Every structure is written in C-alpha cells, then in structure tokens.
There are 2 protein chains.
Amino acid sequence: MEIAVVSTGHTKFGNASADIGDLMLSACKQALDGVGAEISIVDVIYIANFSSGFCGQCHLPAVLASKLGVNKEITRIESACAAGGLALKEAVLAILSGLYKTALVVGVEKMSETPIEETTGILARAAEKTEIRHGTIFPALYALMAQRHFHDYGTTEEHLAKIAVKNHKNALNNPVAQFKKEITVEDVLNSRVIASPLKLFDCSPVSDGAAAVLLCNEEVASQFTDLPVYIMGIGHDSDRIGLFERENITTMPAVTHAAQKAFKMCNLNPRDIDVAEIHDCFTIAEIIEMEDLGFCAKGLGKEMIDEGRTEINGDITINPSGGLKAKGHPIGATGISQVVEIVKQLRCECGARQVANAETGLCCNVGGSGATAVVSIFSRRYK
Amino acid sequence: MEIAVVSTGHTKFGNASADIGDLMLSACKQALDGVGAEISIVDVIYIANFSSGFCGQCHLPAVLASKLGVNKEITRIESACAAGGLALKEAVLAILSGLYKTALVVGVEKMSETPIEETTGILARAAEKTEIRHGTIFPALYALMAQRHFHDYGTTEEHLAKIAVKNHKNALNNPVAQFKKEITVEDVLNSRVIASPLKLFDCSPVSDGAAAVLLCNEEVASQFTDLPVYIMGIGHDSDRIGLFERENITTMPAVTHAAQKAFKMCNLNPRDIDVAEIHDCFTIAEIIEMEDLGFCAKGLGKEMIDEGRTEINGDITINPSGGLKAKGHPIGATGISQVVEIVKQLRCECGARQVANAETGLCCNVGGSGATAVVSIFSRRYK
C-alpha cells in the first residue's frame, strides 16, 4: 500500500467558541497550509462525526463545502467513537481505487454546548438498548470490564490511576491538549466515583475539536513534502454491540481482529511498534487494548504499567499526546487526532513529548464498548 | 469499472413494526437469499442512514453485526437524503481498491415512531441554520425553487400535479410501495397547501424501510447470477448547504456535476438512458433533476410531462417504482431503493410496471435542497 500522510491539522481540544463548520475548516486549512496547498488539489474529502445530536447539524459534507467555498466529493462516516479511524480507511480505499490521488480526512465534534444530561443520552445512542434500559451507560460498561479484569488478572485501581497520571503528564507538553494539569495516583484514587472502580479521573472528558490529515498516493507525495509518513496497514472489525453478547469482557475481539488485519497487511508485528495512540476513553480501555493489540500477553498490561514501559521512551510509548484522557475526546475527531500525533511523532515534530527514534507507529480507535475497532500502522522510510 | 449488482433486497415501505436492526437484517437476508448465499461470502458492508434522531440508535454497524451474528467490516455513511447513493459509491471504491471482492450495501430509516413535530426538527438538521431560523424548512425551500421555476420557465402547479399522478399510478404495481392509491390532478391541486405552490400530494411521506444490494467484482459475479447488472459510472458532488448560497435556484449544480462525472466514466449520455429513478422528494425536484441530468433542456421538463414522455414506456421512464412520492421515502434507504428498482428493471423483474427492453438505467439521489447529489448508471449486457 503506497499511501502517504503528507500534512496534518489540529485545533486545540477543549471548549471551543467556533461552530462545527469553523472547527472543520480550521483543521482542513492547517493541513493544506502545512504543505502550501490550495483546496483545489484535494480530490475527495471524508468527514468523521459521531452525532448531530450535540449541535443539531448533520449533512456536514454540505456544511464543509460552504465553508471551503467549493464543490467537492465529500462524505460523512460514523461508527460511534471509531468514526475517525473509519474515515481514514475510506480515504485509503478511495486512493487505492485509482480514482483519486489526494484525500483530505477531517474528524470533528462540537459537544460543549449540550447540557450534560442530554450528552449522556446522545452518547447512549451508540450502545445496545437493553443495556441502556438497565442503566449500564458507557462508564458502567467499562466499569464491568474493569471489575472482571481485576478479578481475572489482578489488575488494580492503582494500575488504572497510573495510566491517568501518565497521560496527564504527556499532555503537559501537547499544545493542543485540553488538560494541562499534572495529577498524582492519589488524585485519581480520591476523585469522585463514577461507576466503581472507575473514578472521575479514569474518564475522558467532553470536548470540542477537529483534526485533519492530507493523504496522497506515493506518486504525488513528493510534490507536497520531503517527510511523508506511509500508511502501512489498516484493519477494521465490527463486533456485537452489546457487552452482554460477548463471551469474555476482558478482551475486545474487534481490536484483536483489526490489529491482525493491519499487521498482516504490512508484515509487521507488535514488537515493531515504537509509539502508539490507543483509545483510552476510560483508563481500563488502555490496558485491555495494550493486551489485545499484542503489546503484551492478556493480563500482563499491569506489569507494563508498573514498570513504566509505556511512558515516553519506554519500550513502547503509549499515548504521548495525552490520549483521550488528557488531550480530550471530541468524538468524531479522536481517530484522526491519533493519526495526527503518530505522524508528528514519526516526523520528529513533537518537542518535549517526542519519542526518540520513532520510526513505526500505531493507532487504535475504538467505538462503543469495543464493538468497532480500527487499527492503523504508520512508518517513515527516511532516517 | 467491472462491478456488478448480483442481488437485491427490499422491505415494504410504510409503517413497519420491525425495529431498525430487523429492517436492515430483512433487506440483507433477502439480498443474500436471492443468490443462495450466506453472510460469510460478504467481505465488507456499508450502511446508509440519515439520523439516529428518529429511533435513538446510532453505531448501526455494531447493531447489524449483532443481528447478523458475525464480525465484519461495517461502516455507516451519511449525507442527508443522499446517504444511500454515497454508500453505494463507497462500496464501489472498496471493490475497486482490490481489497474486497464482495460488498453488501444496506440503506435504512425508521421514522414512523417519532412524533411529527420532532420529525420536522430532525429533518431540519440537514439544512442550513439561517434558513431554518427563518422558517424555510425543506418544503419551503423546494417551494421557493418551484416559484422561481414557474416564473422563469412557465412551469405550473398542474405540471407538478401530473408528476404526483404518474408516480402514484406506477406505485400501484409495486408490491413494496407505501401508497397504493390512484390520484388525479384535481386531487393534488385540491390537497392542503404545505408551502405554496407545494401541496400535500406534492410531498413525499414519512416512511420506514430498508433496501439492500449485493455487489461484487466481475471475476466472481458469475458465481452468483447469470443476470448481473453492471455499474457503469458513478458521480458525486457536494455543493453549498444553503439555497441562498447558490446563484440560481432553478437548478442543482451538484446534480449536473455528478451526472457529468457518471456519464464521462462510461462514455454514455442522457439519450442512452431507458429508465431512471430520480429523487422526487417534492414534485418540483423531479422536473429540476430531469433538466439537470440532461434528459431535456432547462425549462423544458414541463413539456416532457405534458407529452407523457416520462411515463412507463415513454422516451425515458422516470420513477417506475412510484418514486419517493408514492413508494415512500425512508431517508437512508432511498438511494439504495432506487438502485434496487433499476436493477430489477434491467433484469425484467418488474411485472406490470416493467419498462420494455430497458437496457440502461440511471439513479439520481439528492440530499438537502440539492447540496449533495450522487448519480449512478447501470447496464445489462445480455439480451
């Protein structure tokens, strides 16, 4: 697969005054400006967005056409919190089809203006209805996964807290992160219980934001940059929507399947990954995904955490951006934001949070309680 | 482009008791059963759906995985009422990429359980916010287009009424149509004014339903059917979301652009089309699209109507299914339902509404007040 990411754009995550159209426009313009390009060079555009429930606007392709002031082929993609990963996949397929040479992918969500009671209801639309009827909204579903992981593998609240601490620490050095606050294990353990054992600081926040990447086929990549980052593989899987429908809730089979497809596509394996952005919507998700991606055996995520092996310049750096936990989680933007961070890491553009000598990176974007997963692998070829 | 539609599925449009998951499942199963295939033969699935606002369920890829009882690559696509056409496009790109040989595309909407006041608000999310603030919801936007078309070209309320009459007549012979009621020009003219000059019978209804098509590359098509229908071309365009942003409101430039791309892809022209399913969300849309697709010059749609040239076995049969007007308009399903009808027409499976010797057909799926358009062209090669 000879598809390169040649530029990125990213708004500051958090509470934005801009509307959803301007958020998209800002990220797209940054990506184009980064290579001195005009919108005219873009053949096709994909938008990742979770729900029009937040800001009352769907038909975002037409909103973006208005903002850009051009007629283009623009398509919106959704599969809960994995919308971004899927939009990247569709852009890859579009270029592989041979019909397009360049693709712009933008993820966006504008959540902050929605009252929190409504926010919970909108998020619940991504879950299975029986589970919601019984009150198991997403924090509760991930809490169940955590409880069972604790029971089966001896993972503890302290392990989860260490993930939150690491991701907050990383975010301190990320200019686009929502939270710039160092926290301690005690802070996490003493924070308000949301759904036991998950506490407030185990949960990702409500955020506004947009992120964009400009892709092109190898043939034209050199017209845009000397620092292309190649998409080596991308895997996707959709699983049963209900957590109760899955045999074992300490694993997300969609993540395993997606990772297997992505690794097979490029003939790499988990040991080849230097840096990864993975979907820590709740801290327990980071541990489960580390295991399901093959970074360690099932149940041994806690040891990697205890030994600091996922910190910046550990064996494999996980969530140097701060992750969903501290960088923020504007749902549709998240999957693309992960790609932006990995591309910047591989291009050595990350300043104080830079992972030394990162040559190969991975993104894992998850939807729902693990029913959708997209895993993508990136590599630079220059030294 | 060597991609064939080898099978179709379609639920009865109207008020359904089934939920959105079962509607999807029903259409998918029909498409698979039609060629005696199991879900295991499907490489990738696309879902077209407009809004989770109606039934409170997004993350439909995971809902469908549950219903099918399998893990698959499933993606949801949205761009207002053109979601179906876009899902077809993504499936085409997926097969052209070389990564997949078969693709199942299902469009779905479950609208009937939503109170009508909420329905209007959900539909308004597809429009430009300033227009909505001033009360120009979709019937009003299309009414403005009609008024200007009347002024510039002499089109009249009677011309619009004749379209409704034709489409209701065609639907009488379509087992899956929502309305089975013959109406007269007087019935239309005497129906309640919705937004002058559009009356109740100029408007498509609120509907539930799903439609599916099974696509594959030419290599494997013969494993499924002796009656493949080939996708010859597909064009897509996104334009400004607001009607006020467009220079001339008697035309939809996105339709013109999408048609030009589709015709160019297969080196055909409007005169080659025997039968078309076009997006008559309001009767005026059928006239505007006839003109923008090149079936006649701008302003001459009314003459084709007066001369009956778009009736079954006219010069070019338009909306033999009954169209959105009479077959129904479950939004996400509509673009795929159009493809189902054209495929069935080209395979001579349409009984009393069959267009004689139809060899080449076209679908035109529109979103919003014309800001999104997808035009696809189909042909059979057997006699």
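Rules used throughout
Residues numbered from 1 in each chain as written. Chains lettered and ligands numbered in written order. Predicted model: local features only at pLDDT ≥ 70, side-chain atom pairs only at ≥ 80, totals over all residues. Heavy atoms only, no water. Helix = DSSP H or I, 4+ residues; strand = E, 2+ residues; numbered from the N terminus. Rg over C-alpha atoms; globule rule 2.2 N^0.38 Å. Buried < 20%, exposed > 50% of the residue type's maximum accessible area, 1.4 Å probe, protein only. Contact = heavy atoms within 4.5 Å. Areas by Shrake-Rupley, 256 points an atom, 1.4 Å probe, with all protein chains shown as cover. Lys, Arg positive; Asp, Glu negative; His and termini not counted. Charge placed at Lys NZ, Arg CZ, Asp CG, Glu CD. Core = buried A, V, L, I, M, F, W, Y, C linked by side-chain atoms within 4.5 Å. Axes fitted to C-alpha atoms, helices over the stretch in contact; angles between N-to-C directions. Parallel < 35°, antiparallel > 145°, perpendicular 65-115°, else oblique. Nonpolar A, V, L, I, M, F, W, Y, C, P; charged D, E, K, R; others polar. Pairing = 2+ DSSP bridges. Buried area = accessible area lost by both parts, 1.4 Å probe. Salt bridge = Lys/Arg side-chain N within 4 Å of Asp/Glu carboxyl O. Polar contact = N/O pair within 3.5 Å; in protein donor to acceptor, adjacent residues only side chain to side chain. Expected span 1.5 Å × (residues − 1).

Peer 1: Looking at this structure, I do not really get the overall build of chain A. What am I missing?
Peer 2: Broken down by element type, chain A carries 14 helices and 12 strands. Relative to the globule expectation of 21 Å for 383 residues, the C-alpha radius of gyration of chain A, 19 Å, shows essentially globular dimensions. For chain A, the C-alpha atoms occupy an extent of roughly 55 × 45 × 35 Å along the three principal directions. A total of 383 residues make up chain A; the buried ones form 68% of that total. When contacts within chain A are restricted to residue pairs at least 6 apart in sequence, those whose partners lie at least 24 apart make up 78%. Surface exposure of chain A reaches about 12,100 Å², of which carbon and sulfur atoms provide 49%. One way to put it: in chain A the 35 positive side-chain charges average out to a point 1 Å from where the 46 negative ones average out.

Peer 1: Just checking my understanding: could you explain the nonpolar core for this structure?
Peer 2: Among soluble globular proteins, nonpolar side chains are generally buried collectively. Residue and element names in this part refer to chain B. Counting residues in each nonpolar core, the largest one holds 96 residues, and the members touching the most others are Leu64, Tyr142, Leu293, Phe295 and Leu362. If near-sequence neighbours (up to four positions away) are discounted, leucine 64 is found in contact with Met24, Leu25, Cys28, Ile45, Ile47, Ile74 and Val106. Core analysis: the next-biggest nonpolar cluster, separate from the first, contains 72 residues, Ala103, Val229, Ile336 and Ala358 among them.

Peer 1: Help me understand the packing of helix 7 (residues 157-171) of chain A against helix 11 (residues 283-292) of chain A in this model?
Peer 2: Helix packing geometry: the angle between the two helix axes and the distance between the axes. Residues and elements named next belong to chain A. Relative orientation of the contacting elements helix 7 and helix 11 amounts to 100°, with a least axis distance of 8 Å. If you check the angle between helix 7 and helix 11, you find them roughly perpendicular. Counted together, His159, Leu160, Ile163, Ala164, Lys166 and Asn167 of helix 7 and Thr283, Ile284, Glu286 and Ile287 of helix 11 form the full contact between these two elements. Grouping the constituent residues of the contact of helix 7 with helix 11 by class yields five nonpolar, three polar and two charged.

Peer 1: What is the right way to look at the pairing of strand 1 (residues 3-10) of chain B in this model?
Peer 2: Regular strands place their side chains on alternate faces of the sheet. All names here are of chain B. Within strand 1, eight of the eight residues are buried, which leaves it mostly tucked inside the rest of the structure. Bridge count between strand 1 and strand 7 (residues 208-217): seven bridges; the pairing is antiparallel. Pairing of serine 7 across the sheet is with leucine 214, part of strand 7.

Peer 1: For this particular structure, what's the right way to read the interface of chain B and chain A?
Peer 2: Think of interface size as the accessible area that goes away when the parts come together; that is how it is often given. Listed by partner, the interface residues are 56 residues for chain B and 56 residues for chain A. Both faces considered, chain B and chain A share a buried interface measuring about 4,400 Å² in area, 48% of it formed by carbon and sulfur atoms. Of all residues in chain B, His59(B), Asn71(B) and Arg125(B) give up the largest surface area on contact with chain A, accounting jointly for 16% of the area buried on that side. Taken together, chain B and chain A are joined by six salt bridges. Its salt-bridge partner being Glu78(A), residue Arg76(B) comes within 2.9 Å of it at the nearest N-O pair. Counting every contact that joins chain B to chain A gives 44 residue pairs in polar contact (both at pLDDT 80 or more). Listed by contribution, the elements that provide at least two residues to the side of chain B that touches chain A are strand 2 (44-48), helix 2 (60-68), strand 3 (73-78), helix 3 (83-96), strand 8 (229-238) and helix 10 (253-266) of chain B. Its residues assigned to classes, the side of chain B that touches chain A shows 24 nonpolar, 19 polar and 13 charged.

Peer 1: I keep staring at the pattern of salt bridges and nothing clicks. Help me out?
Peer 2: Opposite charge on two side chains permits pairing when their charged atoms draw close. Residues and elements named next belong to chain B. On inspection of all chains with the given rule, the structure shows 46 salt bridges over all chains. Taking the shortest distance from any N to any O, the salt bridge between lysine 110 and glutamate 113 comes out at 3.5 Å. Exposure remark for lysine 110: the relative accessible area of 3% places this residue in the buried category. Using a relative accessible area of 59% as the deciding quantity, one classes glutamate 113 as exposed. For the salt bridge of lysine 298 with aspartate 292, the shortest nitrogen-to-oxygen distance reads 3.0 Å.

Peer 1: Explanation requested: the environment of Ala94(A) in the structure shown.
Peer 2: Here Ala94(A) is to be found in helix 3 (residues 83-96). Each C-alpha atom of the pair Ala94(A) and Ile116(A) lies 37 Å from the other, and the pair is 22 residues apart in sequence. Once residues within four sequence positions are removed from consideration, Ala94(A) is found in contact with Val44(A), Tyr46(A), Leu99(A), Tyr100(A) and Leu93(B).

Peer 1: Is there a simple way to explain helix 7 of chain A in this structure?
Peer 2: Residues separated by three or four positions in an α-helix point in the same direction, a consequence of the helix having 3.6 residues per turn. Residues and elements named next belong to chain A. Taking 1.5 Å of rise per residue, 15 residues should cover 21 Å, and helix 7 covers 21 Å from first to last C-alpha, within 8% of that figure. Burial analysis of helix 7 places 11 of its 15 residues in the buried class, the great majority of the element. Within the sequence span of helix 7, burial applies to His159, Leu160, Ala161, Ile163, Ala164, Val165, Lys166, Asn167, His168, Asn170 and Ala171.

Peer 1: Help me understand unusual backbone geometry in this model?
Peer 2: One can expect most non-glycine residues to show negative phi and most peptide bonds to be in trans. Residue and element names in this part refer to chain A. A cis amide bond, omega 10°, links serine 196 with the succeeding residue proline 197. Here proline 197 shows up in the loop between strand 5 (193-195) and strand 6 (198-199). Of note in the backbone geometry, histidine 59 takes a positive phi value of approximately 55° without being a glycine. Looking at the element boundaries, histidine 59 is found in the loop between strand 2 (44-48) and helix 2 (60-68). Assessed through its relative accessible area of 0%, histidine 59 is described here as buried. In the Ramachandran plot, alanine 80 falls in the positive-phi region, its phi being about 55° despite a non-glycine side chain. Structurally, alanine 80 can be placed in the loop between strand 3 (73-78) and helix 3. The buried category is assigned to alanine 80, whose relative accessible area is 0%.

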